Amino acid sequence: MRWIFRVAVILALVVVLLGAVVLILPGERVAAVALDQIRAATGRDVQLEGDVDLKYFPVLRVRTGPINIANADWSDRGPMLQAEGLLIGVETRPLFSGQIRIKTLELDRPELLLERHDDGRVNWEIEAGSGGSGGRQFAVGLDQFVMRDGRVLILDHGRKTRQSFERVEVKLRAPDLQGRAELDVGFRAEGHEGGAATLTAEVAALMPFLDGVVVPLTFGIEAEKGRFEFTGRANTRGDAEGDVAVNLPSSAAFAGAVGLPRMSPPRGLGQTIKASGKLVLTEGEALALRQIDLALDHNELNIDVDIDLSAKRPYATARVRAGTLDFSALSGGSGGGQAATTWSDEPLDAGALGQFNGQARLTAGAIDFGSLKLGKSEVMLNLERSRAVFTLVDVAAHRGTLGGEFVINNRGGLSVGGKLTMTGVEARDLLRDSAKIKAVSGKSDGHLNFLGVGGSIAKIMKSLKGDGSIRIVDGLFEGISLDRVMLKQDGGRSTPFDSLTAGFTLIGGNLQNRDLTLVMEDIEARGEGRVGIGAMDIDYLFTPVALRARGGQGVAVPVRIRGPWSDVKVMPDLRSVITLNFKEEIKAAEKKIEDAVRERVEQETGVVVEEGQSLEDALKEKAEDELKKGLLKLLD
């Protein structure tokens, strides 16, 4: 804004200084003198095309043709400003007292390019030693500055960002340049299909503010029914202190409307955002947010944040405190409160991981991830170049504890992985939440290494690979009494056991296990099969053996567990029951049948089956003998 004042005031000042001479000089000559003054004052080349129209009554008015102001010498992207025309209107009466009161300053269809070099230099700052004040001390008021139908392009070469705005409409009112000024800006972000955004500001002292003096300031942005507000003190050198308030009914719509990177967070992470607290900005490079009360949808947090803005990618350090946090939408299941049958195919947007680097510490009373419910938790986050590592410092879960780390990596496509351990976790609660299985309880220890890749919850779950193990002690199978089934003893509808151990591998979203071992009094059991994490189904064979049944021979009753998680069927595997428990009886029956067939064959064919010879071999031998006899008869 400062260089716009220089251009406008110098053009008006040249007219004033030439006095009566302007009555006989052509507009082009006046413009040439003005351009020389502007070049000296700004250090930038200024070009005017077409005629310069001068009018003297009732308002001294200068109207130019197309105008452009050169860019900084380090830029190769063309003019910083170009417009189809510039209109300056100056009140004549104050001129006689040596003051310039600008009645109106208008830019028609301007195109403004704002650039930040990768070394931090910006193209809108006038270089030191470029020519003094340019006569700004003569200006005392600006009734109205107007910019119509403009375009603004903002390039940050250090951070590799580009923002483009169109239909930019600006109105600035500053009757006393040393006093209060009001600014209204309307704009539309390039590519945004919703409504336009508006920016409003009110500053207590305009010129001191532009010169770097901290003065009272209010600032707000409205878009898509959302609003950001700042009330406090600030200057143009990057210093600010005051209160902030945010109310965004749709964070995605607001971000798109103001030209921020597109975002589509899951529910619980900020589809709607409300916030209030204190802000302190120092020299535009250090931002501190204190006692921020933040609501992300239904989740409420209190945050203290320090952000270093001087780096190419801002570095944040945060402390986050919360009560109960509900992130159940991250589990991705569908079904409206019923058991889910598929994982969500909705694309996951992890682009926010690339906007910051930093560290954060979260303490919460409880965290609900849908398929995993945590109690009191303390978690550390380290975020670097689109890779977030969550370290479980002290996490309570299902009456036990969890440890290890969880990683979200978006450097070359989205992936999630981790190395987790659990100690003393209640198995019934864990299996109920993660796999809808309610039949097993007991204290469990275990570990899990896993990795999943994909752009949605469904793709990640179907790609899971890794390994792990689990051990459950002093447990209980609910809903079935193995004593009653296996040993014909009285019992309730549950089966206590001493221990259950299993190792497993993860391949293609399937958990494969072949060594489940269950130990209980008088009964042992083995298990093997597949748990389809990606497909949300199960196909598992569980085989308990009553060790003392049948006079010590034992009885095995294999049970097949099969079906989708939403409708798991448990049924005896009758074929396996027969195979495992009646081996001797089957052999005896086979021997009886074989003897009967052999006797009947001997009667019908005269073939005698020798000891140790099979019926098939005896028949073959008999056939060979008869064939030989037939050939000999032919030769006689």
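Since this is a predicted model, take the numbers as computed values, not measurements.

### Some thoughts on the pairing of strand β16 (residues 273-282)
No. 1: Both strand β15 (residues 240-248) and β16 contribute to a ladder of nine bridges, which runs antiparallel. Within β16, the position partnered with G242 by the bridge is L279.
No. 2: Direction of pairing for β16 relative to strand β17 (residues 286-296): antiparallel, over a ladder of nine bridges. If you follow I273 over to β17, its bridge partner there is L296.
No. 3: Between β16 and β17, which pair antiparallel one after the other, the connecting turn spans three residues, and E283 there sits at a positive phi close to 55 degrees.

### Some points on the environment of A240
No. 1: Within the secondary structure layout, A240 lies in strand β15.
No. 2: Among the residues examined, A240 registers a relative accessible area of 14% and is labelled buried.
No. 3: Taking C-alpha positions, A240 is 9.0 Å from L217, a pair spaced 23 residues apart along the chain.
No. 4: If sequence neighbours within four positions are ignored, A240 has contacts with F230, R233, A234, L279, V280 and L281.

### Concerning the side chain of D429
No. 1: Counting through the fold element by element, D429 comes out in helix α5 (residues 427-435).
No. 2: When sequence neighbours within four positions are dropped, the list of residues in contact with D429 reads H398 and R399.

### Quick notes on the packing of aromatic side chains
No. 1: On inspection of all chains with the given rule, the structure shows five aromatic pairs.
No. 2: Arranged with centres 6.5 Å apart and planes meeting at 70 degrees, the rings of F219 and F228 form a pair that is edge-to-face.
No. 3: Overall, F219 belongs to the partly exposed group, its relative accessible area being 27%.
No. 4: For F228, a relative accessible area of 25% puts it in the partly exposed group.
No. 5: With 6.5 Å between their ring centres and 85 degrees between their planes, W343 and W565 make a pair best called edge-to-face. One end of the pair, W343, is in the loop between β19 (315-326) and β20 (357-368); the other, W565, is in the loop between β33 (559-564) and β34 (569-572), with 222 residues separating them in the sequence. Across the pair, exposure class does not vary: W343 and W565 are buried alike.
No. 6: Among the aromatic side chains, those forming a connected cluster through ring pairs are F390, F406 and F450.

### Focus: the confidence of the model for the chain
No. 1: In this model, the chain carries a mean pLDDT of 80, and residues with pLDDT of at least 70 account for 73%.
No. 2: Counted against residues more than four places away or in other chains, residues 17-25, with its pLDDT under 50, gives six contacts.
No. 3: Within the model, the stretch residues 333-338 combines pLDDT values under 50 with seven contacts to residues more than four positions away or in other chains.

Analysis parameters
- Residues numbered from 1 in each chain as written.
- Predicted model: local features only at pLDDT ≥ 70, side-chain atom pairs only at ≥ 80, totals over all residues.
- Heavy atoms only, no water.
- Pairing = 2+ DSSP bridges.
- Helix = DSSP H or I, 4+ residues; strand = E, 2+ residues; numbered from the N terminus.
- Buried < 20%, exposed > 50% of the residue type's maximum accessible area, 1.4 Å probe, protein only.
- Contact = heavy atoms within 4.5 Å.
- Phe/Tyr/Trp six-rings, centres within 6.5 Å; stacked < 30°, edge-to-face > 60°.
- pLDDT = per-residue confidence, 0-100.

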